[in-house]
Amino acid sequence: LLRMTKFLTGLSVALIALLTAVVVLLSSMGQHLDRPVNLVGQQDLDANNRLKWTIETGSNLSEVNRRLFNRGILSKPKLMTRYAKLNNRASIRAGSYWITADDSARSLLDKFNRGEVIQYQITFPEGWSFEQWQAQFDAVPQFAAESKQAVADLLEEAGVNVDHPEGWFFPDTYSYTSTDSRADILRRAHKKMRLELEQAWQGRDDNLPYSSAYDALIMASIIEKETGLAAERDEIAGVFIRRLKTNMRLQTDPTVIYGLGDEYQGDIRRSHLKQRTAYNTYMINGLPPTPIAMPSAAAIDAALHPKPGSSLYFVARGDGGHYFSDSLEEHLRAVKKYQINQRVQNYQSAPKALSESRK
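Calculation rules
- Residues numbered from 1 in each chain as written.
- Predicted model: local features only at pLDDT ≥ 70, side-chain atom pairs only at ≥ 80, totals over all residues.
- Heavy atoms only, no water.
- Salt bridge = Lys/Arg side-chain N within 4 Å of Asp/Glu carboxyl O.
- Helix = DSSP H or I, 4+ residues; strand = E, 2+ residues; numbered from the N terminus.
- Buried < 20%, exposed > 50% of the residue type's maximum accessible area, 1.4 Å probe, protein only.
- Core = buried A, V, L, I, M, F, W, Y, C linked by side-chain atoms within 4.5 Å.
- Contact = heavy atoms within 4.5 Å.
- Axes fitted to C-alpha atoms, helices over the stretch in contact; angles between N-to-C directions.
- Parallel < 35°, antiparallel > 145°, perpendicular 65-115°, else oblique.
- Left-handed = near helix turned anticlockwise from the far one by under 90°.
- Nonpolar A, V, L, I, M, F, W, Y, C, P; charged D, E, K, R; others polar.
- Arc of directions from axis to C-beta.
- Phe/Tyr/Trp six-rings, centres within 6.5 Å; stacked < 30°, edge-to-face > 60°.
- pLDDT = per-residue confidence, 0-100.

Trainee: Would you mind going over the pattern of salt bridges in detail, with residue names and values included?
Mentor: In total, this model carries 15 salt bridges according to the counting rule given. Taking the shortest distance from any N to any O, the salt bridge between Arg106 and Asp34 comes out at 2.7 Å. Pair noted here: Arg106 is in helix H4 (residues 105-114) and Asp34 is in the loop between helix H1 (2-33) and strand S1 (51-55), with a separation of 72 residues, a long-range link. With a relative accessible area of 42%, Asp34 lands in the partly exposed category. Put simply, Asp138, Glu146, Lys148 and Arg182 are held in one network by salt bridges that share partners.

Trainee: Hey, could you go over the nonpolar core for me, with residue numbers and the actual values?
Mentor: In this structure, Ile122, Phe169, Tyr210 and Met219 are the most contacted members of the largest nonpolar core, which totals 53 residues. In this structure, Ile122 is in contact with Gln136, Phe137, Val140, Phe143, Asp172, Thr173, Tyr174, Tyr176 and Ile185, ignoring residues within four places of it in sequence. Counting residues in each nonpolar core, the second largest holds 22 residues, with Leu39, Leu51, Ile73 and Ile92 among its members.

Trainee: With reference to specific residues and values, describe the packing of helix H2 (residues 61-70) against helix H3 (residues 77-86).
Mentor: What describes two packed helices is the angle between their axes and the distance between those same axes. Close contact between H2 and H3 brings their axes to 9 Å; oriented N to C, the two are set at 155 degrees. On the basis of the axis angle, H2 is roughly antiparallel to H3. Here H2 runs over H3; the crossing is right-handed. Residue-level contacts link Leu61, Ser62, Asn65, Arg66 and Phe69 of H2 to Pro77, Met80, Thr81, Ala84 and Lys85 of H3. Each residue belonging to the contact of H2 with H3 can be placed in one class, and the counts come to five nonpolar, three polar and two charged.

Trainee: Account for helix H5 (residues 130-138), naming residues and giving values.
Mentor: Inspection of H5 places Phe130, Trp133, Gln134 and Phe137 among the buried residues, and these make up the whole buried set. Across the axial projection of H5, the buried residues extend over an arc of 100 degrees, all falling on one side. Its buried side turned inward, H5 meets strand S3 (120-123), helix H6 (141-144), helix H7 (151-158), strand S4 (173-176) and helix H8 (182-202).

Trainee: Got a sec to walk through the packing of aromatic side chains? Specific residues and values, please.
Mentor: How two aromatic rings sit relative to each other is given by the distance of their centres and the angle of their planes. Applying the stated criterion across every chain yields a total of 14 aromatic pairs. Ring centres of Phe124 and Trp133 lie 3.9 Å apart, and the angle between their planes is 10 degrees; on these two criteria the pair is classed as stacked. Like Phe124, the residue Trp133 is buried in the burial classification. An angle of 75 degrees between the planes, with centres 5.7 Å apart, marks the rings of Phe240 and Phe314 as edge-to-face. With Phe240 in helix H10 (residues 233-245) and Phe314 in strand S5 (residues 313-316), this pair connects stretches of sequence that are 74 residues apart. Neither Phe240 nor Phe314 differs from the other in exposure class; each is buried.

Trainee: Kindly report on the confidence of the model for the protein chain, identifying the contributing residues and their values.
Mentor: Looking at the protein chain as a whole, its pLDDT mean stands at 88, while 86% of the residues score no less than 70. Taken together, the stretch residues 343-350 has pLDDT below 50 and engages in 28 contacts with residues farther than four places along the chain or on a different chain. Taken as a whole, residues 353-359 scores under 50 in pLDDT and shows eight contacts with residues more than four places along the chain or in a different chain.

Trainee: Please set out the packing of helix H9 (residues 213-226) against helix H13 (residues 297-304) residue by residue, giving values where relevant.
Mentor: Running from N to C, H9 and H13 cross one another at 115 degrees; their axes reach a closest spacing of 8 Å. Between H9 and H13 lies a crossing of right-handed hand. Between H9 and H13, the contacting residues are Ala216, Leu217, Met219, Ala220, Ile223 and Glu224 on the first element and Ala299, Ile300, Ala302, Ala303 and Leu304 on the second. Grouping the constituent residues of the contact of H9 with H13 by class yields 10 nonpolar, no polar and one charged.

Trainee: Account for unusual backbone geometry, with residues named and values stated.
Mentor: Here the phi dihedral of Asp44 falls at roughly 70 degrees; this positive angle occurs in a residue that is not glycine. By secondary structure assignment, the location of Asp44 is in the loop between H1 and S1. Even without being glycine, Asn247 reaches a positive phi, approximately 60 degrees. With respect to the element layout, Asn247 can be found in the loop between H10 and helix H11 (253-260). On the basis of relative accessible area, Asn247 is assigned to the partly exposed category, the value being 49%.

Given below as structure tokens:
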């Protein structure tokens, strides 16, 4: 019994000593994990004394901690790695992060675990063409650094299964991280455009001269490019819808300009209106083969809910809006009134019925 008592006493002392050592170790670990990082002498600090730190795709926590140690930011990289593994927190997200003087090893691990990567933004205004979207990407170093791809290859990478990219990407402001590519953003923009178009198509007005939702997308792009005042979208849509229904050519300059491509230098001429392209709506019947720009949700809505009326013509007033006319005679008077000092080729011409245009 005496021996048993001594054994238990010794065991208790050993357990207490072990527990004490564990407590001390945990306390020491906690102190190290919560110690502020060292940004003194670090280069590339921004105006707010933050350091941008990038975790490359495929990196693990041990590699990241070793890099932080080599830069003098962390003092105990292995300790942070062990702590993360013991707590099942070794999973991290690639991307760029802000490191501040208030950060510690523990707070950095929290950021890496939650994926608090830096968010950037890129904006594509309504009415831009796919070529303009590409130029916007090229203006951002991250995207400009990507290997150049043919449009078909880029669309394939983005999972966009269309024959022609124009019109198929929703104009908006998109957030992205340092690991995103232009294909990633195009994928999201395409998905959003399809959703917007499908939902709008389901609620369309009756008796519209479209054979598919794609026809409506084409019309929406024309409305977008013709509209100076947002409030006129549905009225301009009404004019174009009535032209189609009465076998009148659309005769809209934005489609001509799109068809000219690089040949257009900011001044549309009479000769351009007579130049046959697939997009010259002075020469072709009906809609052009594809959209000419990325239309907004409002333009799509206007194409599917045109304003009722009888006007068939419109001319720019010079203040961003248009004067709408029911007859050719009224339209010509409006042209004379509002465009008296402008060259004729800048006018919105008066479409003729197909039967007249073929004479």
